[in-house]
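# Analysis of the macromolecular model
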Amino acid sequence: MAVVVFLLPFSCFALFYLSFFFFSPYCPVSLLLGVKRHYKKRCQGRMRKHVGDLCLQAGMLQDALVHYHMAVELLRSVNDFLWLGAALEGLCSASVIFHYPGGTAGKSGARKPGVSSAADAGKRHRPGAQEVLIDPGALTANGISADTSTEIGRAKNCLSQEDIIEKYKEAISYYGKYKSAGVIELEACIKAVRVLAIQKRAMEASEFLQNAVYINLGQLSEEEKIQRYSVLSELYELIGFHRKSAFFKRVAAMQCVAPTIPEPGWKACYKLLLETLPGYSLSLDPKDFSKGTHRGWAAVQLRLLHELVYASRRMGNPGLSVRHLSFLLQTMLDFLSDQEKKEVTQSLENYTSKCPGGMEVISLPDGLKLPPVPFTKLPIVRSVSLLNLPVGLRPHKVKGLLAQGMSTASPFIYSPITVHSRGDERSKKIDFQWVQGDVCEVQLMVYNPMPFELRVENMGLLTSGVDFESLPAALSLPAESGLYPVTLVGVPRTAGNITINGYHTSVFGVSSDCILEGLMGVKSSGCMVEVVPSLPRLQLSTSLPRSAHLSTEDLSTSVSLQLFNGETQQLTITLENIGTETLNTLELTSKILSTKEKLFGEFLSWDLQDALSRLPLKSGQSISIPVNIRAKLDFSGQENLLHDLNDDGISVTGLPVSSPLRQVLKPRAENKPATTDASKSEYNHVKTLEAVLTFKYSGGAGQVEGYYRELSLGVRVDVEPSVFFTRVSTLPATSTRQCHLLLDVFNSTEHQLTLSAKNNQDLVLHASECQRMAIQVDKFDFESLPVMDHDASGLSTVRQQEEKRQQVQGGLINSTLDIHWTISSLQRGGEASVEGVLNQLILEHLQLAPLQWDVLVNGKPCDCDVVADCNVGDAVPLEVKLTNRSKSAVGPFSLTVVPFQDYQNGVQNYELQDAVTFIGSNTFYINSVKPTEDSVCVGALLFLYTGDFFLNIKFQDDSAGRELPPAWFCLPSVHIKAQEPIEAGA
């Protein structure tokens, strides 16, 4: 029944009392007698309309439709427009009840019981009323067919859905003829809009509402105005015109605080303003503004947010004003001018000085909750990068434990059906580790969009996973700074996996927690990193000043120094434990970086035993490690430096010579000038050696988990040339086991230099001077050197094996010669190595022959210019001994002894048959001699005259196999002096 009453025309009650006056017995008879015919029809039409209203109220829908139709026909004929509009409105109301049993306030549904039933309809039907044909078989228990469309289709007097709207338009047009019928006209418009809303005819409904806006209702109170605009807003919302609805709701809100109201309702105004937000595509959740492009009219949204701020301030709620103003600044920053940005921030600072803004949720009395507004645009973050620890603090896993930590979930290296995680990149784990207790860094690239300097206070990290102590920072960004790097630091206090969730700031008095997941356009390679247990921390210092790092290595620190070639300098390295954990293990290794220069000997050498004996090293303690740096490059020089020097211009050790540099600069007769500038620059070229010393250490809880740290020290040495060996040759000595090594030495420094060798005189060289040094050396038994295992040393090619063999032989020769140079003016010195200047031919000359020959005369060895004395006429025993030091058997050989005399004038006399005779044969035969064995041949000579005699021993290899090198048959010269026997009496 309530539904029917709601849909009744607004004027039915007024017309009811009016009709009662006309048809009551108290009405004057003279009025009835004087009524004209058309007046009679008017009265009949109005009565029919009145009866229709009563039937509609009584629930007799069919009778109401009949009476409304008859009223419309009668009133139309007499042009009674006001009542005609009312009758049309009643007809529309009855038809709406037929079409929409559920009412116009909601969705159409089944008709409620009690509206009309078959029994009630029979009882209330008056004789003479027009019948409405309804099939009795189609009726349900309540008298109405379940299929309302069939029932309506059979109702003769019911309007169709289209006719309902047309009749409403007609009725409203009739109401519009009367200025005093504004309220009735407004109500009819509202009813028509509700019907059109059900029919989803929004555009036609908007026309009715537009007409309702301009209906003059006379003098209305402020409450009536607020109610009128609120109803219009609801109707616009009903037909889907959200922005239009928001407009009238905002008008209603402004009406709540109109100047004419003695006590403005700011709370009601604020509540209505909140309800307008969806219509203007506004949401109080800042997350809705980070999902893409901006929606809605920014200028209107700005105006509305300003009104919210003002209303909340007038309500006496500064916290609410701060929240709305923060929301405005965060979401509308791109649409604010520079002047507006300054004004908004100044207002925000004024508000926050009284009530600071935070991240708490604000609950309103009506249950609405305002989410926090983090300032993700003040400043704007473009990228987030977790920084690795400094090189010297990075943890490393012991290689043996790496395989144990690998996942064994699948036996396959890769499976194409593996389900890969497609989550956000921020969930990826970074491939480096942080260490518990160490300061860790996260770098943010930020941008200040404000036209003035932006001060950010209390900026720190938001983390989860482990206990993390964030160290807040304060920064000041210049106006429109562009990308600016900001490093946030903190200390993890426990081990595990830590996730960087975001950062917190305090800007303009508003504290913000900015979560990375909600930031758009932020580049990140991952925000999860593993924190390993604590490790000791060493600080490295050296006796040399620091220098720039080497370009090819990540180093903790670097040192550089300048050395002459062959010079050695000691570097003292101090390691101090500045951490909290105890140092338990320490290892030291070195690596020489790739260089084109050939290096001889050990570049870096040290003794770690003293340092290891002081472990464990507690916090605050230190140890020192001496490291020797030796720059020993190739000392060989090209022969073109002295290609113009004659042998006469070079002296042996101790003999003065004229400066060879002048001879180099002087062209020879063949007009072949020396390239002095190129040669000089070549020998003054500074070469560079680079190496890395790596300290591997561990301790504490990290050592238990198999972690350690590395501290790297880069060493750069600029090597200046000291001396060069420009030419090397050998001369035979008087002994077969010795020879003379001739070295042409060039001083490439700008200082006077002294060169010394073992058991030899010192040689003084002026700047850019060259002299020859002759050193008598014993030949070397290279066969006695230990045999190298080429497979173990990794030397695959024959060339590499030969180079290694020559290097070993050169090292033996160099250590034997022990050549050193000294610059007295600089108090510096070093060694001069011949390892790089000895070629294969020189090595063969310096090598002791595998076949050692010993000649004894009268039991005395004849070597080194030893003269054997004998008496004329006495038999002189001659013994030749062969010792085989080779690796294979040699022989057989035949030796022939031929005596001769040397007259020291180039003439040698071999015709000595009358002066020397052999006791026996002068030819000896030696059978095959196995390795490490020897063979001795014995004979005798008889000298018939006095004089100096020499023995020439000739060889003949009787073996049918290979020929042995002539150097293997180098016998000492035999000099015998025959004298007259001394008589005993003399």
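Residues numbered from 1 in each chain as written. Predicted model: local features only at pLDDT ≥ 70, side-chain atom pairs only at ≥ 80, totals over all residues. Heavy atoms only, no water.

## Remarks on the overall build of the protein chain
Formally: Starting at the N terminus, helices and strands are each numbered in turn, a helix being any DSSP run of H or I of at least four residues and a strand any DSSP run of E of at least two. Accessibility here uses a 1.4 Å probe with only protein chains present; expressed as a share of the type maximum, an area under 20% marks a residue as buried, one over 50% as exposed, and anything in between as partly exposed. Any pair of residues with heavy atoms lying within 4.5 Å of one another is described as a contacting pair.
Tallying secondary structure elements over the protein chain gives 25 helices and 40 strands in all. Within the protein chain, the proportion of its 986 residues that are buried is 44%. At a minimum sequence separation of 6, the contacts of the protein chain that also span at least 24 residues come to 75%.

## Focus: helix 13 (residues 242–256)
This is how the line gets drawn: One fewer than the residue count of a helix, multiplied by 1.5 Å, yields its expected span.
Between its first and last C-alpha, helix 13 extends 21 Å over 15 residues, near the 21 Å set by a 1.5 Å rise per residue. On its buried side, helix 13 packs onto helix 11 (202–213), helix 12 (222–238), helix 14 (266–276) and helix 15 (298–314).

## Section: the nonpolar core
What counts here: What makes a nonpolar core is a set of buried Ala, Val, Leu, Ile, Met, Phe, Trp, Tyr and Cys residues whose side-chain atoms join them at distances within 4.5 Å.
In this structure, Leu329, Leu378, Leu386, Trp434, Leu444 and Tyr503 are the most contacted members of the largest nonpolar core, which totals 81 residues. Ala86, Cys158, Ile165 and Leu235 belong to the second largest nonpolar core, which has 44 residues in total.

## Quick notes on the pairing of strand 33 (residues 875–884)
Inclusion rule: Any two strands are treated as partners once DSSP identifies two or more bridges connecting them.
With 7 bridges joining them, strand 30 (residues 851–857) and strand 33 adopt antiparallel strand pairing. Each bridged residue has a counterpart across the sheet, and for Gln852 the counterpart in strand 33 is Thr883. Strand direction decides the pairing type here: strand 33 and strand 38 (residues 934–943), joined by 9 bridges, are antiparallel. From the neighbouring strand, Glu879 faces strand 38, where its bridge partner is Val938.

## Some thoughts on the environment of Leu826
Position of Leu826 among the secondary structure elements: in the loop between strand 28 (820–823) and strand 29 (828–831). In the structure, Leu826 is positioned 74 residues away from Gln752 in sequence and 9.8 Å away in space, judged by C-alpha atoms. Excluding residues that lie within four positions of it along the chain, Leu826 makes contacts with Phe564 and His751.

## With respect to the packing of aromatic side chains
What counts is decided by this rule: Any two of the Phe, Tyr and Trp rings considered here, Trp counted by its six-membered ring, make a pair once their centres fall within 6.5 Å; the pair's planes then place it as stacked at under 30 degrees, edge-to-face at over 60, or tilted in between. Sitting over a ring, as applied to charges here, requires NZ of Lys or CZ of Arg to be within 6 Å of the ring centre and within 35 degrees of the ring normal.
Taken as a whole, this structure holds 12 aromatic pairs when the rule is applied. Consider the rings of Phe289 and Phe327, whose centres lie 5.4 Å apart with planes at 80 degrees: the pair is edge-to-face. Here Phe327 lies in helix 16 (residues 318–331) and Phe289 lies in the loop between helix 14 and helix 15, a separation of 38 residues in the sequence. Since its relative accessible area comes to 2%, Phe327 is described here as buried. A ring pair is formed by Phe943 and Phe949, whose centres lie 5.0 Å apart and whose planes are at 45 degrees; its orientation type is tilted. Here Phe943 and Phe949 have matching classes, each one buried. Positioned above the aromatic ring of Phe81, the side-chain terminus of Lys177 is 5.3 Å from the ring centre. Here the guanidinium or amino end of Arg243 rests over the ring plane of Trp297, the centre of that ring lying 4.4 Å away.

## Quick word on the sheet that holds strand 17 (residues 568–577)
Applicable threshold: In this analysis an axis means a line fitted to C-alpha atoms, helices contributing only their contacting stretch, and an angle means the value between N-to-C directions, from 0 to 180 degrees.
The strand order across the open sheet formed by 4 strands is 15-17-20-19, and the pairing between neighbours is antiparallel. Here the strands that pair on one side only, and so sit at the sheet edges, are strand 15 (538–542) and strand 19 (604–606). Strand-to-strand twist of the sheet, defined as the mean angle between neighbouring strand axes without regard to direction, takes the value 30 degrees. Relative to strand 20 (residues 622–630), strand 19 runs antiparallel, the two sharing 3 bridges. When the bridges of strand 20 are listed, Leu604 appears paired with Ile629.

## A closer look at the side chain of Ser326
Tracing the backbone through its elements, the reader meets Ser326 in helix 16. With sequence-adjacent residues up to four places away left out, Ser326 is seen in contact with Leu348, Val373, Phe375 and Val510.

## Structural notes on unusual backbone geometry
That bond from Leu378 to Pro379 is cis: its omega, 0 degrees, falls within 30 degrees of zero. In this structure, the amide linkage connecting Leu615 to the following residue, Pro616, adopts the cis form with an omega of 0 degrees. Note on placement: Pro616 falls in the loop between helix 19 (609–612) and strand 20. Phi angles above zero are rare outside glycine, and Asp818 is one such case at about 55 degrees.

## Brief notes about the pattern of salt bridges
The condition that has to hold: Should a side-chain nitrogen of Lys or Arg be within 4 Å of a carboxyl oxygen of Asp or Glu, the pair is scored as a salt bridge.
Scanning all chains against the criterion turns up 22 salt bridges. For Glu170, the salt bridge identified is with Lys167, shortest N-O distance 4.0 Å. Taken together, the residues Glu170 and Lys167, both in helix 9 (residues 161–175) and 3 residues apart, mark about one turn of the helix. Overall, Glu170 belongs to the buried group, its relative accessible area being 17%.

## Section: the packing of helix 4 (residues 37–58) against helix 5 (residues 61–77)
Going by this rule: Angle categories: roughly parallel below 35 degrees, roughly antiparallel above 145, roughly perpendicular from 65 to 115, and oblique for all the rest. Less than a right angle of anticlockwise turn of the near helix away from the far helix marks a crossing as left-handed, whereas a clockwise turn marks it as right-handed.
Direction vectors running N to C along helix 4 and helix 5 enclose 160 degrees, while the axes themselves pass 8 Å from each other. In terms of orientation, helix 4 lies roughly antiparallel with respect to helix 5. When you trace helix 4 past helix 5, the crossing you get is left-handed. Packed against helix 4, whose contacting residues are Lys41, Arg42, Gln44, Gly45, Arg46, Arg48, Lys49, Val51, Gly52, Asp53, Cys55 and Leu56, the element helix 5 presents Leu61, Asp63, Ala64, His67, Tyr68, Met70, Ala71, Leu74, Leu75 and Ser77 at the interface.

## Topic: the layout of surface pockets
Selection rule: Cavities and pockets are defined on a 1 Å grid built over the protein atoms alone: a cavity is a set of grid points where a 1.4 Å probe fits but cannot escape, while a pocket is an open set with protein on both sides within 12 Å along at least five of seven lines, and lining residues are those with an atom within 4 Å of any such point. Grid points are joined across faces, edges and corners, and a volume is the space filled by probe spheres set on the points.
By volume, the second largest pocket is sized at about 900 Å³. Around the second largest pocket, the lining is made up of 34 residues, and of these Pro286, Phe289, Ser290, Gln330 and Gly518 lie nearest the centre. If you list the elements that add at least two residues to the lining of the second largest pocket, you get helix 16, strand 3 (380–386) and strand 12 (510–515). For the lining of the second largest pocket, the leading source of residues is strand 3, giving 3 residues.

## Re helix 4
With 22 residues, helix 4 extends 31 Å between its outermost C-alpha atoms, agreeing within 8% with the 32 Å of an ideal straight helix rising 1.5 Å per residue. Taken together, the buried positions of helix 4 are Cys43, Gly45, Arg46, Lys49, His50, Val51, Gly52, Asp53, Cys55 and Leu56. Where helix 4 ends, the next residue or the one after it, Gly59, has phi of about 90 degrees, a positive value.

## Section: the confidence of the model for the protein chain
Short version of the rule: A score from 0 to 100, pLDDT tells how confident the predictor is in each residue.
Per-residue confidence for the protein chain gives a mean pLDDT of 79; residues scoring 70 or more make up 79%. Predicted confidence is poor over residues 1–27, with pLDDT under 50, and the contacts of this stretch with residues over four places away or in other chains come to 57 contacts. Ignoring residues within four places in sequence, the model shows residues 29–34, a span with pLDDT below 50, making 1 contact including any to other chains.

## A word on the sheet that holds strand 8 (residues 468–471)
One open sheet accounts for 5 strands, arranged 8-10-6-3-13; its pairing is mixed. Strands with a single pairing partner mark the edges of an open sheet, and in this sheet they are strand 8 and strand 13 (523–524). Examined bridge by bridge, strand 6 (residues 440–447) and strand 10 (residues 484–492) share 7 bridges and lie antiparallel to one another. Of the residues in strand 10, the one forming a bridge with Met445 is Pro485.

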